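# Reading the structure
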Amino acid sequence: MKLTTKFSLFNALSRGAILLLLVGVLPLAMSRLALLTTDQRLAQKKEKVLHLIRRNGISAFIEGGQSSYGSYNLLKEEFISLETIPPGPKIDVIEDSKRAVEDEIVEYRVLSYSFDQGGKYYLLEIGRSTGSIGETERNFRNYAFYILLIAIALTTLADLAFFRYLLEPFYTIIRQRLKNAHHPAAFNFAPIPTNTDDFRYLDESLREMMTTIQASFTKERKFIADASHELLTPLAALQYRFDNMLTDESLSNENLLRVVESQRTVHRLRTIIKSLLMISKIENDQFARTETVSLSQLVAEVSEEVQDRLTVLDLTLTHEIKPDFEVVHCNRGLLFTLLFNLVNNAIKYNREGGLIYVLGRPALTTGYELEIRDTGLGISKEQLPRLFQRFDKGTTADSDSYGLGLSIVRTIADLHGIKIEVNSIEGLGTSFLLNFPTPEATSQHAGAQRHSLG
């Protein structure tokens with residue numbers, strides 16, 4: 001799981017927990033807030049009524065001969081009452097009370113306040129129905145809930161935006177230092193601009209590691225080149241000496257056989273060294289890929305190259321490339337080696353009078369498919385996973401096999417972005433399916449490697 005995904009999930013869970021907590025607490029808080037607001041409103045109305053009484057006198061409410069005054073609004077949501085009372089303790093409370101209004105019992109929040117005016121005592125009551133208080137509470141609750149949701153959404157988006165901005169140097173390090181580092185010689189050592197100490201330390205550590213890897217790679221490549229040259233030179237000298245020995249008529253037949261066996265051993269060593277050197281050069285990206293090759297022409301050249309062996313072994317090779325396909329940004333020699341090795345395997349492990357097919361066609365999804373199919377011995381299911389491993393010859397008893405041909409095929413295919421699929425049935429034959437990418441994908445693949453080399 002990506003770091004941003006984990007951070008987003010944590011944000012969502014934490015804010016969800018906060019939301020659930022607030023939903024549980026919110027009704028109580030809103031109920032208390034609505035009650036406090038109602039009490040404050042009742043107290044304000046009390047002050048207004050007292051102000052009117054002081055200004056206009058009590059007679060403005062209680063006329064002569066009356067002992068009380070009452071006023072209810074149309075919906076019975078609020079009332080004000082004023083009545084004379086006998087002298088007694090001071091009253092100044094706010095409490096819930098039930099009142100009978102027009103044969104209906106209504107619950108009110110009532111402020112009761114006693115005062116004296118002109119030598120008489122009066123009780124002022126101002127009430128508001130609890131139903132209207134509940135409506136105010138619901139409005140408070142809804143507004144608070146909506147504001148809470150908006151605040152959570154805005155803070156989540158702000159956190160994600162800031163987190164992405166904060167991690168941008170980290171992603172740049174991954175792209176430049178790890179993901180696009182196709183080859184040690186192509187490492188990019190330019191510092192990643194960041195003001196975060198952790199990322200700067202990570203970048204410096206990776207650059208130090210890349211420097212070490214590049215130095216080791218350079219030494220290894222030089223060693224392979226030097227070792228190959230130093231090994232091939234004495235082997236060539238040995239081959240020359242053995243050739244001269246074969247011209248010596250004084251050698252007995254037994255010695256001649258020993259010289260021939262020695263020649264075969266030298267030839268085997270030279271072939272192995274050259275194959276390993278080729279694999280090393282391919283993996284080190286030492287082959288230029290600037291050519292455009294027609295698959296039809298390439299298959300025809302491979303077919304012509306193996307005609308003599310086909311005739312000797314009574315095999316038939318059929319090739320059909322329709323429509324033709326051009327491989328761009330490739331190395332013609334390497335592609336020839338790839339196809340030759342596959343066709344050579346189809347010849348080597350075929351049966352007498354067998355068939356070999358080289359068929360080209362557009363792929364079902366994208367790109368182009370080239371199939372090399374034979375009617376040979378087939379490959380066991382156990383051997384298929386190890387098919388491209390070096391020096392793995394499987395169950396073959398062929399002394400001329402070094403177990404490097406298919407390894408070279410895989411290395412060349414990877415260099416050109418070609419996917420290989422192998423299907424085989426023992427006793428019926430084997431099919432190698434090469435999927436060539438589209439020219440656009442090939443150009444992007446080559447461009448990415450050239451960019452990394454730059």
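Residues numbered from 1 in each chain as written. Predicted model: local features only at pLDDT ≥ 70, side-chain atom pairs only at ≥ 80, totals over all residues. Heavy atoms only, no water.

## Thoughts on the pattern of salt bridges
Rules: By salt bridge we mean one thing: a side-chain nitrogen of Lys or Arg within 4 Å of a carboxyl oxygen of Asp or Glu. For helices the rule is a DSSP run of H or I covering at least 4 residues; for strands it is a run of E covering at least 2, with both sets numbered from the N terminus onward. Working definition: with a 1.4 Å probe on protein chains only, accessible area under 20% of the residue-type maximum means buried, over 50% means exposed, and in between means partly exposed.
According to the stated counting rule, one finds 14 salt bridges in the structure shown. The residue Arg109 makes a salt bridge to Asp96 at a minimum N-O spacing of 3.2 Å. Of this pair, Arg109 sits in strand E4 (residues 105-117) while Asp96 sits in strand E3 (residues 92-100), and the two are 13 residues apart along the sequence. When its relative accessible area of 52% is taken as the criterion, Asp96 is described as exposed.

## Quick look at the sheet that holds E4
The criterion, for reference: In this scheme, strands are said to pair when DSSP sees at least two bridges between them. Between N-to-C directions, angles cover 0 to 180 degrees, with each direction set by a line fitted to C-alpha atoms, over the stretch in contact for helices.
The five strands are arranged E1-E2-E5-E4-E3 in an open sheet whose pairing can be described as antiparallel. At either end of the open sheet lies a strand with only one pairing partner, and these are strand E1 (68-72) and E3. The sheet shows a mean angle of 25° between the axes of neighbouring strands, direction not considered. Pairing analysis gives five bridges linking E1 to strand E2 (residues 78-85), with the strands arranged antiparallel. What sits directly across from Ser71, in E2, is Ile80.

## Describing the UniProt feature "transmembrane region" (unreviewed entry) in the protein chain
Definition in use: UniProt positions are given in the numbering used here, feature names are shortened, and annotations may be inferred rather than shown by experiment.
The UniProt feature table records "transmembrane region" (unreviewed entry) at residues 143-167. Counting secondary structure, residues 143-167 comes out at 100% helix and 0% strand; the distance between its end C-alpha atoms is 36 Å.

## Here we look at the sheet that holds strand E7 (residues 316-321)
As a reminder, the rule being used: Contact between two residues is taken to exist if any of their heavy atoms lie within 4.5 Å; hydrogens are not considered.
Here five strands make up an open sheet; going across it, the order is E7-E9-E10-E12-E11 and the pairing mixed. Two strands in the sheet have a free side with no partner beyond their single neighbour: E7 and strand E11 (419-425). Here the strands of the sheet are splayed against their neighbours by 10° on average, with no regard to which way each runs. Where E7 meets strand E9 (residues 355-362), six bridges bridge the pair, whose relative direction is parallel. Following the sheet pairing, His319 is matched in E9 by Val358. Helix-sheet contacts for helix H7 (residues 332-348) involve E7, E9, strand E10 (368-374) and strand E12 (429-436), and the interaxial angle to E10 is about 25°.

## Comments concerning the pairing of E10
Taken across its seven residues, E10 has six buried, putting it largely inside the fold. Where E9 meets E10, seven bridges bridge the pair, whose relative direction is antiparallel. Within E10, the position partnered with Leu359 by the bridge is Glu371. The antiparallel pairing of E9 with E10 creates a hairpin that spans five residues between the two strands, and Gly367 there sits at a positive phi of about 90°. Two elements, E10 and E12, share six bridges in a ladder whose sense is antiparallel. Looking at the pairing, Leu370 lines up with Leu434 of E12.

## Considering helix H4 (residues 253-283)
Our working definition: By definition here, a helix of n residues has an expected span of 1.5 Å times n minus one.
Over its 31 residues, H4 extends 45 Å from the first C-alpha to the last, a length consistent with the 45 Å expected when each residue adds 1.5 Å. Those residues of H4 not exposed but buried are Val259, Gln263, Val266, Ile272, Ile273, Ser275, Leu277, Ile279, Ser280 and Ile282. Phi turns positive, to about 60°, at Asp285, one or two residues after H4.

## Here's the deal with unusual backbone geometry
Note: most peptide bonds trans; most residues except glycine with negative phi. Residue Pro323 is reached from Lys322 by a cis peptide bond, and omega for that bond is -10°. Locating Pro323 in the fold gives a position in the loop between E7 and strand E8 (326-330). For His329, which is not a glycine, the phi torsion comes out positive at approximately 50°. Take His329: it is sitting in strand E8.

## Some remarks on the packing of H4 against helix H8 (residues 405-416)
Just so we agree on the cut-off: Should an angle lie under 35 degrees it is considered roughly parallel, over 145 roughly antiparallel, and from 65 to 115 roughly perpendicular; all remaining angles are considered oblique. Handedness of a helix crossing follows the sense of rotation of the near helix relative to the far helix, less than a right angle counterclockwise being left-handed and clockwise being right-handed. Polarity classes work like this: nonpolar for Ala, Val, Leu, Ile, Met, Phe, Trp, Tyr, Cys and Pro, charged for Asp, Glu, Lys and Arg, and polar for all others, with Gly in that last group.
At a minimum axis separation of 10 Å, H4 and H8 run at an interaxial angle of 15°. Taken together, the axis directions place H4 and H8 in an arrangement best described as roughly parallel. Here the hand of the crossing between H4 and H8 comes out left-handed. Of H8, the residues touching H4 (which contributes Ser275, Met278, Ile279, Ile282 and Glu283) are Ser407, Ile408, Thr411, Ile412 and Leu415. The class makeup of the residues in the contact of H4 with H8 is six nonpolar, three polar and one charged.

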